[in-house]
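Inside the fold
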Amino acid sequence: MDCINNKLRWDGLILGLLLGFAVSAGIEISAELLNRVLEKYGEQAAERVSDWQALVADRSIVSDEQKLQRANDFFNQRIEFKDDRLVWGKEDYWATPLEFLARGVGDCEDFSIAKYFTLRELGVSDEKMRLTYVKAVELNQHHMVLTYYATPASVPVVLDNLISEIKRASERKDLLPVYSFNGTGLWLAKFRGMGKLVGQSDRVGLWRILKERMLSPDF
């Protein structure tokens, strides 16, 4: 279950919607797109996409704490963990949120990426979130989680597909941070404070490829 180690053709409607690093007014999924998902992946897949659209459009979710809980629960309760080699036939593939929802399966990067973009759509600041690579000590392997910092100096909370509860990083003795990134920056990670900035997030090759794929009309 090593998370470190076909394509859908989506409407032009969604191109750039999830990767423009400004929060949109909400994700609009066309009836045509839902029909494509329904035809290729079935009724449950179309329902997941429709429910996701409803989640990010729900303006009754006000506090960041509520948003974190809703996003974490949504994906942890609906999506099954499965290795990239079984899903995509590749050693490592970072799925877009829509690919992830349509397939209904994915690995730790896919969970973390989907939660990250969902929270962006819900209005959580990019500056407060990091996609964080860690070593999962008990599993003796690399793993990705989403971390949220209430303030730059805060100990973050961790959104993880391995457990359902959102906990402070100081309570996750089973995770050792390695590096983290978001829409703009790349940091050598530590769980107290935001780490040392070492460059732009495009230095992470799979992140760059994901952005290119999401912005390309051919993906």
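Residues numbered from 1 in each chain as written. Predicted model: local features only at pLDDT ≥ 70, side-chain atom pairs only at ≥ 80, totals over all residues. Heavy atoms only, no water.

What follows concerns the overall build of the protein chain. What the protein chain contains, in helices and strands, is seven helices and nine strands. Each of the 219 residues in the protein chain was classed as buried or not, and the buried ones make up 52%. Within the structure as shown, the protein chain displays about 10,000 Å² of accessible surface, and the carbon and sulfur contribution to it stands at 50%. (Helix = DSSP H or I, 4+ residues; strand = E, 2+ residues; numbered from the N terminus. Buried < 20%, exposed > 50% of the residue type's maximum accessible area, 1.4 Å probe, protein only. Areas by Shrake-Rupley, 256 points an atom, 1.4 Å probe, with all protein chains shown as cover.)

This brings us to the confidence of the model for the protein chain. Here the protein chain shows a mean pLDDT of 81. Residues at 70 or above account for 79%. Confidence drops under pLDDT 50 across residues 3-26; counting only partners more than four residues distant or on other chains, this segment forms 89 contacts. (pLDDT = per-residue confidence, 0-100. Contact = heavy atoms within 4.5 Å.)

Size it by volume and the largest pocket reaches roughly 190 Å³. In this structure, the largest pocket is lined by D64, E65, L68, Q69, Y148, A150, S154, V155, P156, V157, I166 and R168. Among the elements that take part in the lining of the largest pocket, helix α3 (residues 64-78) stands out by supplying four residues, more than any other. Along the lines of polarity and charge, the residues of the lining of the largest pocket split into seven nonpolar, two polar and three charged. (1 Å grid on protein atoms, 1.4 Å probe; cavity = no way out; pocket = protein on both sides within 12 Å on 5 of 7 lines; lining within 4 Å. Points joined across faces, edges and corners; volume = space filled by probe spheres on them. Nonpolar A, V, L, I, M, F, W, Y, C, P; charged D, E, K, R; others polar.)

This part takes up the pattern of salt bridges. Tallying each qualifying case throughout the model produces eight salt bridges. Between R70 and D58 there is a salt bridge, and its shortest N-O distance comes to 3.7 Å. One end of the pair, R70, is in helix α3; the other, D58, is in the loop between α2 (43-56) and α3, and twelve residues separate them in sequence. By relative accessible area, R70 is classed as partly exposed at 37%. For R172, the salt bridge goes to D160, with nearest N and O atoms at 2.9 Å. Here R172 is found in the loop between β6 (167-168) and β7 (175-181), whereas its partner D160 is found in the loop between β5 (157-159) and β6, with twelve residues between them in sequence. Among the charged side chains, a salt-bridge network with shared partners connects D83, R85 and E91. (Salt bridge = Lys/Arg side-chain N within 4 Å of Asp/Glu carboxyl O.)

Let us now look at unusual backbone geometry. You will see that N140, though not glycine, has its phi angle at about 55 degrees, which is positive. Of note, N140 is situated in the loop between β3 (129-136) and β4 (141-148).

Mapped onto the elements, D84 comes out in helix α4 (residues 84-87). No salt bridge is formed by the buried D84. Its closest oppositely charged neighbour is R85, at 7.7 Å. For D84, the contacting residues outside a window of four places in its chain are G89, K90, E91, D92, Y93, D107 and D110. (Lys, Arg positive; Asp, Glu negative; His and termini not counted.)

Between its terminal C-alpha atoms α2 stretches 20 Å, which fits the 20 Å expected from 14 residues at 1.5 Å a residue. All of the buried residues along α2 are A45, A46, R48, V49, W52, Q53, L55 and V56. Of the surrounding elements, those touching the buried residues of α2 are α1 (31-41), α3, α5 (97-103) and α6 (108-121). (Expected span 1.5 Å × (residues − 1).)

In this section: the pairing of β3. Of all eight residues that make up β3, seven are buried, and the element is covered over most of its length. In this structure, the hairpin formed by β3 and β4 is closed by a connection of four residues, where N140 is found at a positive phi of approximately 55 degrees. Relative to β7, β3 runs antiparallel, the two sharing six bridges. Paired with V134 across the two strands is P177, which belongs to β7. (Pairing = 2+ DSSP bridges.)

Moving on, we come to the environment of V157. Take V157: it is sitting in strand β5. Contacts of V157, omitting those with residues within four sequence positions, involve L68, L146, T147, Y148, I166, K167, R168 and A169.

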